[in-house]
Amino acid sequence: MFSALGLFKNVECPRRYECSLPRCIFLHAVAREASEANLSITPPQEYDPFSAGEVHSPPAKRRRLDSPALRQDVELLVSAAATRNEVDRPRTSSDRNHSTVPDGKSCAQGSIKARFEPLQARPTSTTRQTPASVTRTVSPPPMKDDKTTIQKVEKKRPSKNESLTPRNVPKAPAVLKTRFALLQKLHEQMKIQNSRLAALKDRRAVLTLSDQELVTFSLDEEEAATKLGENIYKNALAQKVLRIKKMSTDEWVKTVEEWTGAASPEVSQANEKQVHETTISTGLATFDEQIAILKHLRTPLEGLEQFGYVTTKPTEKEIAMTKAAVAATGGFETCDRCSTRFQVFLGRDEHGRLTSNGKCRYHWAKPSRAGVSKATRVVGQSEAVYPCCNKSQGSEGCSEAPTHVFTVKDPKRLASILQFEHTPNKTDVQRRRPVSFDCEMGYTTLGMEVIRLTAVAWPTNELLLDILVRPYGEILDLNTRFSGVTPQDFANAPSYNTAMVDGDLASTDGKGHVLRKVDSPAAARELLFEYLSDETPLIGHSIENDLNVCRIIHPFVIDTVLLYPHPRGLPIRYGLRMLSQKYLSRSIQAAGEAGHDSKEDAVATGDLVTMKVAEKWGNMRRQGWSFVNGMLTAPDEVDAGGHVKDGI
């Protein structure tokens, strides 16, 4: 602070003895009259922490009129004399009535105080008394905990209108143009997530942020990133944008809760199921109309054989040649996880081993690179890293398994284990009910085989079949992180019984019932065929994998990979989890190491198809398609009166 010049040292302070400044420039030596002091004394008021933008209040100042040591000695003598007087002198009735003087002190205290009065700052008049600043009660300054308490109680953020412009910071980590561009991207992703939250029809929608709150939220996140320094500011904010983009609705709700301090009402699973059923609507009145539109989404598999789709059965000659080639290799395979060359021992070797080369160290996630930006165009593409451990590509694996594993994709080799079969032709009308199905696979000594099969009816998501499958080969790894099947569940699963399973499915939702185990993939395929005919729409995601492990050739296939194609085309494809988050606002496959749920995946796949049916029907209706007497008719098949033309 600047030192005072002394210009006001002879001017009495306007606040006088209520002044709390440690170094006041005004005069404080003039004593006040008793009447003036009594009029000016007011009860202490509570400090307002927001009055000057500062939470900590300055401590009230006590005026210092004499030496602290001398005052303490005087008070001790006064107290001792008063005690001696009260003990030695017997009290009379007159003493009881007149034991105090007008200022509240005893007679003994008054006499002793008068003896020491020359040592103190005496008032100029006998009517004057000790200033109020000495005798008044001073409230202690607020502690540090008060600030925390205020913040916890006051959860509502102050209303302040701000524009989408980066805030001023002491040290900007980048130029304003760069900060503004990153801030806009962050705000854009937050706005998308907020719109999805607002579209919900449950109680979580109350957490929807206003436009100004979204701007404030974006500014808070961008400002927090500036404190990380210029070296990692851009990377940290880019990762924040990507993280928000990939958030599910539940994850966004938690993020909003943390920022606002509010809590969202819990929604039960029954309510969530009801929301999904009510929000996904095709706009079609009857089941036959839905089937009519669904047929227009049929995926032709001809020409897709190079991507793993099997359309014809391998011949016996091809199978025999494949068996001979496999026998010639001596059981050597390449590990599907760590690319190590190892040997498979069918029936175990003399040491009881199923595979050679010991344990397998691998990365369970596929390597990925950061998105393309202006920086990558200058300095080149960034190095690919594994999302499971953030290590660079080519580094030692972060996970360990007891054995190496392999997978088989050649249709002829698959047919050498179990031959493919066409879906049988059936005329029953009920067989037309579309089926959405999903399989979970595990590694065995024969490659990757089906270990769980789940089928649900479309579009009601009624559970039709959910079973565990005993593979032909000896199990090397159940692949629990992805299959969701644990060794305990597989070992303790009871044998399949038709009567028991039907009873279980009638009373459960697919998650509470006990999974039962069939003896082979061929037996599982026969159970699935009970719900299929060659005209049944069969729905799946990357359905060629599920069909191949079951050895099924089906003519009427609807694959969500082809309904929601990647811009770069096959074999690149979107994952089911990403599609579910983007189009259904539903988080699936979020159990981590617990693995996936094939019923959850089958339901999500069917709901994605439902959305495509609604979209397809909207486009066809705009083109003039309509239903006449329950039959889907093209625009050129209907006359001006809305009737089907003769001869059609």
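The rules we used
- Residues numbered from 1 in each chain as written.
- Predicted model: local features only at pLDDT ≥ 70, side-chain atom pairs only at ≥ 80, totals over all residues.
- Heavy atoms only, no water.
- UniProt positions renumbered as here; feature names shortened; annotations may be inferred.
- Phe/Tyr/Trp six-rings, centres within 6.5 Å; stacked < 30°, edge-to-face > 60°.
- Helix = DSSP H or I, 4+ residues; strand = E, 2+ residues; numbered from the N terminus.
- Buried < 20%, exposed > 50% of the residue type's maximum accessible area, 1.4 Å probe, protein only.
- Lys NZ or Arg CZ within 6 Å of the ring centre and 35° of its normal.
- Core = buried A, V, L, I, M, F, W, Y, C linked by side-chain atoms within 4.5 Å.
- Contact = heavy atoms within 4.5 Å.
- Expected span 1.5 Å × (residues − 1).
- Arc of directions from axis to C-beta.
- Pairing = 2+ DSSP bridges.
- Disulfide = S-S within 2.5 Å.
- Salt bridge = Lys/Arg side-chain N within 4 Å of Asp/Glu carboxyl O.
- Axes fitted to C-alpha atoms, helices over the stretch in contact; angles between N-to-C directions.
- Left-handed = near helix turned anticlockwise from the far one by under 90°.

The protein chain goes by Exonuclease domain-containing protein in an unreviewed UniProt entry, where it is assigned to Exophiala spinifera. According to the UniProt record, the Sequence similarities (unreviewed entry) comment for the protein chain reads "Belongs to the REXO1/REXO3 family."

**Student:** Which parts of the structure should I look at to understand the packing of aromatic side chains?
**Tutor:** The description of two aromatic rings rests on the distance between their centres and on the angle between their planes. In total, this model carries 6 aromatic pairs according to the counting rule given. Taken together, a centroid distance of 4.6 Å and an interplanar angle of 15 degrees make the contact between F217 and W259 stacked. On the criterion of sequence distance, the pair formed by F217 in helix α8 (residues 211-226) and W259 in helix α10 (residues 249-260) is long-range, its members being 42 residues apart. Assessed through its relative accessible area of 2%, F217 is described here as buried. Ring centres 5.2 Å apart and planes at 50 degrees place the aromatic pair W617 and F627 in the tilted group. Note that W617 is positioned in helix α23 (residues 598-623) and F627 in strand β14 (residues 626-628), a separation of 10 residues in sequence. Every member of this aromatic cluster is reached through a ring pair, and the members are F217, W252 and W259. Lying over the aromatic face of Y362, R337 brings its terminal NZ or CZ to 4.3 Å of the ring centre. The positively charged end of R481 is found above the aromatic ring belonging to W364, 4.1 Å away from the centroid.

**Student:** What's the story with the nonpolar core in this structure? I'm lost.
**Tutor:** Nonpolar side chains in soluble globular proteins generally cluster together in the buried interior. Counting residues in hydrophobic clusters, the biggest one holds 28 residues, and the most contacted among them are F437, L453 and L528. Secondary structure elements with two or more residues in this core: β6 (435-444), β7 (447-457), β8 (463-469), α19 (521-529) and α20 (543-550). Other than its neighbours up to four places away in sequence, L528 contacts F437, L453, A455, L465 and I552.

**Student:** Sorry if this is basic, but what is going on with helix α9 (residues 233-245) here?
**Tutor:** Residues spaced three or four apart along an α-helix face the same direction, because each turn holds 3.6 residues. Under the 1.5 Å per step criterion, the end-to-end length of α9 is 18 Å for 13 residues, consistent within 8% with the ideal 18 Å. Of the residues making up α9, those classed as buried are Y233, L237, V241 and I244. Projected down its long axis, α9 shows its buried positions confined to an angular sector of 70 degrees, all on one face. Contact partners of the buried residues in α9: α7 (176-199), α8 and α10.

**Student:** How do you make sense of α10 when you look at a structure like this?
**Tutor:** Relative to the 16 Å expected for 12 residues at 1.5 Å per residue, α10 spans 16 Å between its end C-alpha atoms, a close match to the ideal helical length. For α10, the complete set of buried residues consists of T249, W252, V253, T255, V256, W259 and T260. Along the axis of α10, the buried positions cluster into a sector of 160 degrees, meaning they face one direction only. Counted as exposed and oriented over 90 degrees from the buried face of α10: K254 and E258. Buried residues along α10 sit against α7, α8 and α9.

**Student:** How should the pairing of β7 be read in this particular structure?
**Tutor:** In regular strands, side chains alternate between the two faces of the sheet. By the criterion of burial, β7 is predominantly enclosed, with 10 of the 11 residues buried. Sheet analysis places β6 next to β7, joined by 10 bridges and oriented antiparallel. Within β7, the residue paired with E440 across the bridge is R452. Connecting β6 to the antiparallel partner β7 that follows it, the hairpin turn spans 2 residues. Sheet topology places β7 next to β8; 5 bridges connect them, and they run antiparallel. Residue pairing across strands places R452 opposite L468, the latter belonging to β8. The loop that links β7 with its antiparallel partner β8 comprises 5 residues; one of these, N461, has a positive phi angle of about 60 degrees.

**Student:** Hey, could you run me through the pairing of β6 in this one?
**Tutor:** In terms of burial, β6 is largely enclosed, as 10 of its 10 residues are buried. Covered by surrounding structure in β6 are V435, F437, C439, M441 and Y443 together with S436, D438, E440, G442 and T444, the residues of both alternating faces. Relative to strand β11 (residues 538-540), β6 runs parallel, the two being bridged by 2 bridges. When the sheet's bridge partners are listed, S436 is paired in β11 with I539. Judged from the 2 bridges that link them, β6 and strand β9 (residues 475-477) form a sheet pairing that is antiparallel. By the bridge assignment, Y443 is partnered in β9 with D477.

**Student:** When you look at the state of the cysteines in this model, what are you seeing that I'm missing?
**Tutor:** Two cysteines whose sulfur atoms are joined by a covalent bond form what is called a disulfide. Considering all chains together, one arrives at 0 disulfides under this definition. Distance from the sulfur of C19, which forms no disulfide, to the nearest cysteine sulfur (C24) is 3.9 Å.

**Student:** Just checking my understanding: could you explain the pattern of salt bridges for this structure?
**Tutor:** Should the charged atoms of two oppositely charged side chains come close, the side chains can pair. Applying the stated rule across the entire model yields 20 salt bridges. A salt bridge links D477 to R337; the shortest N-O distance between them is 2.7 Å. Separated by 140 residues along the polypeptide, D477 in strand β9 and R337 in the loop between β1 (332-334) and β2 (341-343) bring together distant segments of the chain. In terms of burial, D477 and R337 fall into one category: buried. A salt bridge links E544 to R573, with the nearest nitrogen and oxygen atoms 2.7 Å apart. Of this pair, E544 sits in helix α20 while R573 sits in the loop between α21 (560-563) and α22 (576-584); the two residues are 29 residues apart in sequence, bridging distant segments of the chain. Look at R573 and you get partly exposed, because its relative accessible area is 24%. Salt bridges here are not isolated pairs; linked through shared partners, they connect E162, R167, D220 and E223.

**Student:** Whenever I open this one, the packing of α8 against α9 confuses me. Can you help?
**Tutor:** When two helices pack together, you describe them by how their axes are tilted relative to each other and by the distance separating the axes. Axis separation between α8 and α9 bottoms out at 9 Å; the angle between their running directions is 145 degrees. Crossing angle aside, the handedness with which α8 passes α9 is right-handed. Packed against α8, whose contacting residues are E221, E222, A225 and T226, the element α9 presents Y233, L237 and K240 at the interface.

**Student:** Looking at this model, I keep getting lost on unusual backbone geometry. Mind explaining?
**Tutor:** Among all residues save glycine, negative phi is the norm, and among peptide bonds the norm is trans. Note that the residue after W458, namely P459, is joined by a cis bond; omega there is 5 degrees. Topologically, P459 is positioned in the loop between β7 and β8. Following L570, the chain continues to P571 via a peptide bond in cis, the omega torsion being 10 degrees. Relative to the helices and strands, P571 resides in the loop between α21 and α22. The phi dihedral of S339 is positive, around 65 degrees, even though this residue is not glycine. Mapped onto the elements of the fold, S339 is located in the loop between β1 and β2. The backbone of N461 sits at a positive phi, close to 60 degrees, despite the residue not being glycine. Mapping N461 onto the fold places it in the loop between β7 and β8.

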